[in-house]
Amino acid sequence: MTATLEKPPVAEAPVKEPRDWRGPALFALVAVIGLVVMPLVLEPFRLGLLAKYLTYAIVALGIGLAWGQGGMLTLGQGVFFGLGGYAMGMHLKLNDAGDGLPDFMVWSGVETLPALWEPFRNPVFAIAMVVVVPGAVAWLLGTLVFRQRVRGAYFAILTQALAAAMVILLVGQQGLTGGTNGLTNFFEFFGRDVAADSTQRGLYFTVAIVLGVLFVGAWQLQRSRFGRLLLAVRDGEDRVRFLGYNPATVKTITFTISAVMAGIAGALFVPVVGIISPALLGVVPSLELVVAVAVGGRFALAGAVLGAVLMGYAKTYFSEELPDAWLYLQGALFILVIGLAPKGIIGFFRRKDVAA
Amino acid sequence: MRNAFLRTAVGAGLVLVLAACGGDPTESTTGGGAAAGGDTIKVGLLHSLSGTMAISEVTVRDAELLAIEEINAAGGVLGKKLEPVVEDGASDWPTFAEKANKLISQDKVATVFGGWTSASRKAMLPVFERHKALLWYPVQYEGLESSPYIFYTGATTNQQIIPGLDYLKEQGKTKIFLVGSDYVFPRTANKIIKAYAAANGMTILGEEYTPLGHTEYSTLTNKVVQAKPDAVFNTLNGDSNVAFFKQLKSAGVTAESMPVLSVSVAEEEVTGIGVDNIVGHPVAWNYYQTTENAANTKFVAAFKAKYGDAKVTSDPMEAGYNAVYLWAEAVKKAGTTEVEAVKKASGGIALERPEGLVTIDGETQHMYKTARIGIIQPDGLIKEVWNSGEPIKPDPYLKSYPWAGSLAS
């Protein structure tokens, strides 16, 4: 199934109208709930889970931009999430190991630190790589495929294959990547005990603020001329080309931005959850996030974020209440939402506005 | 608006779900602290109930529930009944970490019995160490680990893999081919096997890995057959065994011409593989359903009575079943469920279990276990043909084996 098969809402013409304050007001309300209410109400364990959902929401935001706005159905965001996560994980492992080797290398029989790992000792380099590596991979991939006018289902399959290949690569190189186990058992996060409640609290605020900043950035991008162009590419790529724009460039830039978001999310996920493993970046988690975006509403950035948080909560809640049957409930929720509201939750509540 | 009602209904439903999530912690805190007071002692059971590992892990969970039921029927522990809190690890390692955290910090369980794959254990290890809580891990594994907050009730390498190699050597099988799934246990096991082979005059003709869940084995089988090994050492896991053994059979390999020694195929898996495909091949474990002693007769009968006559019992199930009894014994000895006291009391505890005498080694928190080699019978059960005679002292880092010097740090 491709995004272009469905009829997306028509991009409204840029009519000059009085500034609508409802959006910013809602954003401010959500920010207050996220930054003030939740940290007061939730106990550390639940706050940690919320931080995890918010890292997923960052990935979802990128998917919302690439898929919802740009029509690029990317089924391999896990790859970029993983690249960011491994960059962070490698730094934390080296930091914990001090002069020695990371624990998994010891039991995998690696005797000297692989050259690939050495520069990740430097925190600045590691953080730079969180952004640079996913961005560069997406840019390269985008440049190659969009210029060849690969789109729709072919692009979706390509990204999915990339996710599958990445998992095989990581699992096979046990001495270099920790294999199936991935990287876990971190102690220190930039001088703090990573498991301490205060660190986890700080991490929650970091994740929430990063999400907020990226959301505002994506929102501005969507409202800009570039955003209009992106919508136009989604709705009629050939027409955009005839008008003299290069759709490949627009798509490559957007895909790269979404990849960078996934990379940042992966890097934040590692200290929050305490593990990065191939299981987190394969086909299934990548699909789960696309499903979450569909549930929330892919045509609105807020829908992507809402979907990711909601599906995260639903997964935890269902699995705690009904450990034997929660998957059925999760599936039923997806079918119910998509059945009743093909444009997701946001689309469901918004229809009145659009019609008016 | 035609859909106004629907819209309200869905909205209300979502609010309810979120409200219920928010309400959950309070519900748990009222039940929490049961380990310290109250009429019951909460214990966590954390296995994959969904995903690829569910087929194996559900049986371990069932065995643990049976043990809890039996202990409760006999009066419980410290005068209190055990109350199991079951969670699903979903064959996903970060989920294991999350659920372990939930059991410890929300449910305040006294201990957790859980895990199967090495990856799930590695993911849970930091959670238990940071919270200073206890995990009982019931499956044979690759060794090279000894966490102060984990008790390992399955075999470590010197109680399964090395006896398996000793057996092959005794049988005069010196040319070995290694086949395994691509993850930590097979890769580490094969490293140990190669070191053993080098020191014992055995040759390794080849080493092949396939991804977990792989089912296309014609190429690999050709490679194995062409290499003409005396025996194959098989560390494949799960479904892959079905395809591999079928392929071997159709390539004309018999248990007589080229025995395949498996370390991850137990009674439960034999049924899945199909007895015809695997009959006569050897396996290495510490327990079989056919192991003869009074404790096992009772265990097998109780398990069949609770879960049905067609059910079989296997080594990991027995190890999970033992874990509950061993923990309960340590709690009785300590007089409390407090973790440090239980750890201290556990050393030297010896119980007659279905596999024979099991003693907790206080230093490594592994068990003394008897190694047993068995041959798969036409009825799907496994008949023991060799055992180590006495329980082997656990040596997770293989410190007592000179040839293994380079393996551990």
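Residues numbered from 1 in each chain as written. Chains lettered and ligands numbered in written order. Predicted model: local features only at pLDDT ≥ 70, side-chain atom pairs only at ≥ 80, totals over all residues.

## Quick look at the overall build of chain A
Now for step 1: A count of helical and extended segments in chain A gives 15 helices and four strands.
Now for step 2: Here chain A has a C-alpha radius of gyration of 21 Å; the compact-globule value for 356 residues is 21 Å, and the two agree.
Now for step 3: When its C-alpha atoms are laid out on the principal axes, chain A stretches across 65 × 50 × 40 Å.
Now for step 4: Relative to its full complement of 356 residues, chain A shows a buried share of 51%.
Now for step 5: Once local pairs closer than 6 in sequence are excluded, the contacts in chain A between residues at least 24 apart make up 81%. (Helix = DSSP H or I, 4+ residues; strand = E, 2+ residues; numbered from the N terminus. Rg over C-alpha atoms; globule rule 2.2 N^0.38 Å. Buried ≥ 20, exposed ≤ 12 C-beta atoms within 10 Å, placed from the backbone. Contact = placed C-beta atoms within 7 Å.)

## Focus: the overall build of chain B
Now for step 1: When helices and strands are tallied, chain B shows 13 helices and 15 strands.
Now for step 2: Its C-alpha atoms put chain B at 70 × 65 × 45 Å along the principal axes.
Now for step 3: Buried positions account for 54% of the 409 residues belonging to chain B.
Now for step 4: Considering only residue pairs separated by 6 or more positions, chain B has 69% of its internal contacts joining residues 24 or more positions apart.

## Examining the interface of chain A and chain B
Now for step 1: Contact residues are listed per partner, giving 36 residues for chain A and 40 residues for chain B.
Now for step 2: The set of elements that each furnish at least two residues to the side of chain A that touches chain B consists of α2 (44-69), α4 (103-107), α6 (153-172), α13 (301-321), α14 (326-340) and α15 (344-355) of chain A.
Now for step 3: The element contributing the most residues to the side of chain A that touches chain B is α13 of chain A, with five residues.

## Quick word on the packing of α2 of chain A against helix α12 (residues 283-296) of chain A
Residue and element names in this part refer to chain A.
Now for step 1: As a packed pair, α2 and α12 sit with axes 9 Å apart at the nearest point and diverge in direction by 70°. Between α2 and α12, the angle falls in the class roughly perpendicular. The segment α2 lies against α12, with Tyr56, Val59, Ala60, Ile63, Gly64, Trp67 and Gly68 engaging Leu289, Val290, Ala292 and Val293.
Now for step 2: The class makeup of the residues in the contact of α2 with α12 is nine nonpolar, two polar and no charged. (Axes fitted to C-alpha atoms, helices over the stretch in contact; angles between N-to-C directions. Parallel < 35°, antiparallel > 145°, perpendicular 65-115°, else oblique. Nonpolar A, V, L, I, M, F, W, Y, C, P; charged D, E, K, R; others polar.)

## Regarding the domain arrangement of chain B
Residues and elements named next belong to chain B.
Now for step 1: The domain boundaries assigned to chain B delineate domain 1 (19-155 + 287-371) and domain 2 (158-286 + 372-404).
Now for step 2: If you look at the interface, domain 1 gives 35 residues, while domain 2 gives 34 residues.
Now for step 3: Listing elements by their share of the side of domain 1 that touches domain 2, those giving two or more residues are α2 (54-73), α4 (118-131), α12 (315-334), β12 (356-361) and β13 (366-368).
Now for step 4: It is β12 that provides the largest number of residues to the side of domain 1 that touches domain 2, a total of four residues.
Now for step 5: Across the side of domain 1 that touches domain 2, the residue classes break down as 12 nonpolar, 17 polar and six charged. (Domains from an automatic or database assignment.)

## Remarks on the confidence of the model for chain B
Residue and element names in this part refer to chain B.
Now for step 1: This prediction gives chain B a mean pLDDT of 90; 90% of its residues lie at or above 70.
Now for step 2: With pLDDT under 50 throughout, residues 12-36 is counted as low confidence; its partners more than four residues away or in other chains account for 28 contacts.
Now for step 3: Both confidence scores are given for the complex: pTM 0.88, ipTM 0.87. (pLDDT = per-residue confidence, 0-100.)

## Considerations on the pairing of strand β11 (residues 350-353) of chain B
Residues and elements named next belong to chain B.
Now for step 1: Where β11 meets β12, four bridges bridge the pair, whose relative direction is antiparallel. Directly across from Ala350, in β12, lies its bridge partner Thr359.
Now for step 2: From the end of β11 to the start of β12, which pair antiparallel, there are two residues. (Pairing = 2+ DSSP bridges.)

## Side note on the nonpolar core
Side chains that are nonpolar tend, in soluble globular proteins, to be buried together.
Now for step 1: Ranked by internal contacts, the top residues of the largest apolar core, which has 216 residues, are Ala57, Ala60, Leu61, Val305 and Ala308 of chain A.
Now for step 2: When we break this core down by domain, the ones giving at least three residues each are domain 1 (19-155 + 287-371) and domain 2 (158-286 + 372-404) of chain B. (Core = buried A, V, L, I, M, F, W, Y, C linked by C-beta atoms within 7 Å.)

## Concerning the confidence of the model for chain A
In low-pLDDT segments, the atomic positions of the prediction should not be examined closely.
Now for step 1: Confidence along chain A averages 91 in pLDDT terms, with 93% of residues attaining 70 or more.
Now for step 2: Of the regions scoring below 50 in pLDDT, residues 1-5 of chain A engages in nine contacts with residues more than four places distant in sequence or in other chains.

## Overview of the packing of α2 of chain A against helix α8 (residues 197-223) of chain A
Relative orientation and spacing of two packed helices are given, respectively, by the angle between their axes and the distance between those axes.
All names here are of chain A.
Now for step 1: α8 packs onto α2 with a crossing angle of 20° between their chain directions and a minimal axis gap of 9 Å. Classified by the interaxial angle, the pair formed by α2 and α8 is roughly parallel. Relative to α8, α2 is oriented so that their crossing is left-handed.
Now for step 2: In the contact of α2 with α8, the residues fall into 18 nonpolar, five polar and two charged. (Left-handed = near helix turned anticlockwise from the far one by under 90°.)

## Thoughts on α12 of chain A
All names here are of chain A.
Now for step 1: Helix length check: α12, at 14 residues, gives a terminal C-alpha distance of 20 Å against a target of 20 Å (1.5 Å per residue), a fit within 8%.
Now for step 2: For α12, the set of buried residues is Ser286, Leu289, Val290, Ala292, Val293, Ala294, Val295 and Gly296.
Now for step 3: Phi for Gly297, located one or two positions after α12, is positive at around 125°. (Expected span 1.5 Å × (residues − 1).)

## Quick word on the pairing of strand β10 (residues 282-285) of chain B
Consecutive side chains along a regular strand alternate between the two faces of the sheet.
All names here are of chain B.
Now for step 1: Of the two faces of β10, both are covered, the one formed by Pro282 and Ala284 as well as the one formed by Val283 and Trp285.
Now for step 2: One ladder, built from four bridges, connects β10 with strand β14 (residues 372-376); its direction is antiparallel. If you follow Val283 over to β14, its bridge partner there is Gly374.

## Some words on the environment of Trp93 of chain B
Now for step 1: Locating Trp93 of chain B in the fold gives a position in helix α3 (residues 93-105).
Now for step 2: Separated by 34 residues in the primary sequence, Trp93 of chain B and Thr59 of chain B place their C-alpha atoms 19 Å from one another.
Now for step 3: Residues within four places of Trp93 of chain B in sequence aside, it is in contact with Gly182, Ile275, Ser277 and Ala279 of chain A together with Ala119, Ser120 and Ala123 of chain B.

## Details of the environment of Asp395 of chain B
Now for step 1: Structurally, the position occupied by Asp395 of chain B is in the segment after β15 (382-387).
Now for step 2: Residues within four places of Asp395 of chain B in sequence aside, it is in contact with Thr156, Asn158 and Ser400 of chain B.

## Considering α12 of chain B
Now for step 1: In a regular helix each residue adds 1.5 Å, so 20 residues correspond to 28 Å; α12 of chain B covers 28 Å between its end C-alpha atoms and thus fits that length.
Now for step 2: Positive backbone phi, approximately 75°, marks Gly335 of chain B, located one or two places after α12 of chain B.

## Section: the environment of Leu49 of chain B
Now for step 1: Mapped onto the secondary structure, Leu49 of chain B falls in the loop between β1 (40-47) and α2.
Now for step 2: Placed 40 residues apart in sequence, Leu49 of chain B and Gly89 of chain B show a C-alpha to C-alpha distance of 6.8 Å.
Now for step 3: Leaving out residues up to four positions away in the same chain, Leu49 of chain B has contacts with Pro323 and Asp324 of chain A together with Ala54, Val58 and Asp88 of chain B.

## Quick word on unusual backbone geometry
Residue and element names in this part refer to chain B.
Now for step 1: Phi angles above zero are rare outside glycine, and Gln365 is one such case at about 60°.
Now for step 2: Structurally, Gln365 can be placed in the loop between β12 and β13.
Now for step 3: Non-glycine residue Leu398 carries a positive phi angle of around 50°.
Now for step 4: Tracing the chain through its elements places Leu398 in the segment after β15.
Now for step 5: Using a count of 22 C-beta atoms within 10 Å as the deciding quantity, one classes Leu398 as buried.

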